[in-house]
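Report on the structure
Here are the chains, one letter per residue:
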Amino acid sequence: MRLLLLNDLHLGPSDDRPAYARPEINEAKFDAIVTAGDVVDENRDHAKSAAGERYERVGRAFYEFLHEEYDLPIVVVPGNHDPLDCVERLTEGLDRAIVAHERVLREADFPDADFEGFALAGWGCEQFDQRPEIRYTEFPGTDPLEDATAATIDHVAAERAVEIETLAGRYLDGDADAGAVADALGIADDDRARLADQLAALERRYEALYSLVTAEERVLFFTHVPPFDVAFDHHHSGSGLRGRIRRGSIALKHAVRRGSPHAVCSGHTHEYGIDTVATVRGDRYAFNAGSPGVAVVEVTTDPAVLNVRTT
């Protein structure tokens, strides 16, 4: 299956939409188009001004262009700059464009589609802010910056990420309750209720994501936020040392580890990268096309094969 993947274009009123939407590849070679969030840089709910309306007009024109230019399914994953309510407005009435947030799409959902036996699952954003489910940088003693220098930040951030991911896994497995996780992290009494709430939210999100990645035998998973602690989990908005801290989804990482989707493609960080995640059924690829992300992604029945080409 061959897909045109578009993410983190961050289009504004002055951008040339067709330049992104018409890469130098014949559309007949695509089976579907996937937008993985942040097609536009602003929306009316967040900006609460005429500027937000202008950005949404750009986004609407972009999706109308895709819809008219290509006779293909368009799978739309919300980003944090164009969250769920926004992309529903941008694609309203376009019969070949379907918003995929906590949803699995199959070829039967589109007229004359051929997904070659794959299902396409999507998980995006419902609001602008999207941080790790365990907000470990907010607790005294667990923020990597407390112990790091420019020379040590990569090592310290990696160690803390492994600790957080491991404790989250123990919690999801029922091997540690919220109190045990708090003890392991040295969380102060005043912060324990907040951590317990975050762990409960982590579990709810994990269960939702696991149900998506296990919905079919071969699921291609498209998300805006990447899995936690993969090679491209360094967000562009963090300057200096803070930019090295892992900000991806911990729930997504565990859902991928345990549910073994065929592959996962993400955006958000603006970091191009290909990595693998060790799962219960072998390694699975994780890919980010960077920003502006324009890539051709080709998969076969063998999850060990992932061909990507940027344009």
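Below or above, wherever it landed, is the structure these notes cover. (Residues numbered from 1 in each chain as written. Predicted model: local features only at pLDDT ≥ 70, side-chain atom pairs only at ≥ 80, totals over all residues. Heavy atoms only, no water.)

A closer look at the overall build of the protein chain
Helix and strand counts for the protein chain come out as eight helices and twelve strands. At 19 Å, the protein chain has a C-alpha radius of gyration in line with the 19 Å of a compact globule built from 311 residues. Burial status across the protein chain gives 53% buried among its 311 residues. Intrachain contacts of the protein chain at a sequence separation of at least 6 include 67% that bridge at least 24 residues. Total accessible area on the protein chain is roughly 12900 Å²; 43% of this is exposed by carbon and sulfur atoms. Side-chain charges in the protein chain split into 32 positive and 57 negative, and the spacing between the mean points of these groups amounts to 1 Å. (Helix = DSSP H or I, 4+ residues; strand = E, 2+ residues; numbered from the N terminus. Rg over C-alpha atoms; globule rule 2.2 N^0.38 Å. Buried < 20%, exposed > 50% of the residue type's maximum accessible area, 1.4 Å probe, protein only. Contact = heavy atoms within 4.5 Å. Areas by Shrake-Rupley, 256 points an atom, 1.4 Å probe, with all protein chains shown as cover. Lys, Arg positive; Asp, Glu negative; His and termini not counted. Charge placed at Lys NZ, Arg CZ, Asp CG, Glu CD.)

Points about the sheet that holds strand β7 (residues 219-223)
Pairing in this open sheet of six strands is mixed, and the strands run β5-β6-β7-β8-β10-β9 from one edge to the other. In the strand order of this sheet, the two ends are held by β5 (103-105) and β9 (272-279), each with one partner. The mean angle between the axes of side-by-side strands here comes to 20°, regardless of whether they run parallel or antiparallel. Here strand β8 (residues 263-266) runs beside strand β10 (residues 282-289); their pairing, made up of four bridges, is parallel. Of the residues in β10, the one forming a bridge with A263 is Y285. Against the sheet, helix α7 (residues 192-213) contacts β5, β6 (119-123) and β7, and its axis sits at roughly 140° relative to β7. Against the sheet, helix α8 (residues 250-259) engages β6, β7 and β9, with an angle of about 55° to β9. (Pairing = 2+ DSSP bridges. Axes fitted to C-alpha atoms, helices over the stretch in contact; angles between N-to-C directions.)

Some details on the state of the cysteines
All told, the structure shown has zero disulfides when counted by the stated rule. C125 takes part in no disulfide bond, and the closest cysteine sulfur to it belongs to C86, at a distance of 12 Å. Left unpaired, C265 is separated from the closest cysteine sulfur, that of C125, by 16 Å. Residue C265 is classed as buried on the basis of its relative accessible area of 4%. (Disulfide = S-S within 2.5 Å.)

Side note on the layout of surface pockets
Considering only enclosed or pocket space, the largest pocket measures out at about 440 Å³ in volume. Lining the largest pocket are 18 residues, with Q127, Q130, E133, A201 and R205 sitting closest to its centre. The greatest single-element share of the lining of the largest pocket, amounting to five residues, is contributed by α7. Counted by class, the lining of the largest pocket contains five nonpolar, five polar and eight charged residues. In this structure, the second largest pocket spans a volume of roughly 370 Å³. (1 Å grid on protein atoms, 1.4 Å probe; cavity = no way out; pocket = protein on both sides within 12 Å on 5 of 7 lines; lining within 4 Å. Points joined across faces, edges and corners; volume = space filled by probe spheres on them. Nonpolar A, V, L, I, M, F, W, Y, C, P; charged D, E, K, R; others polar.)

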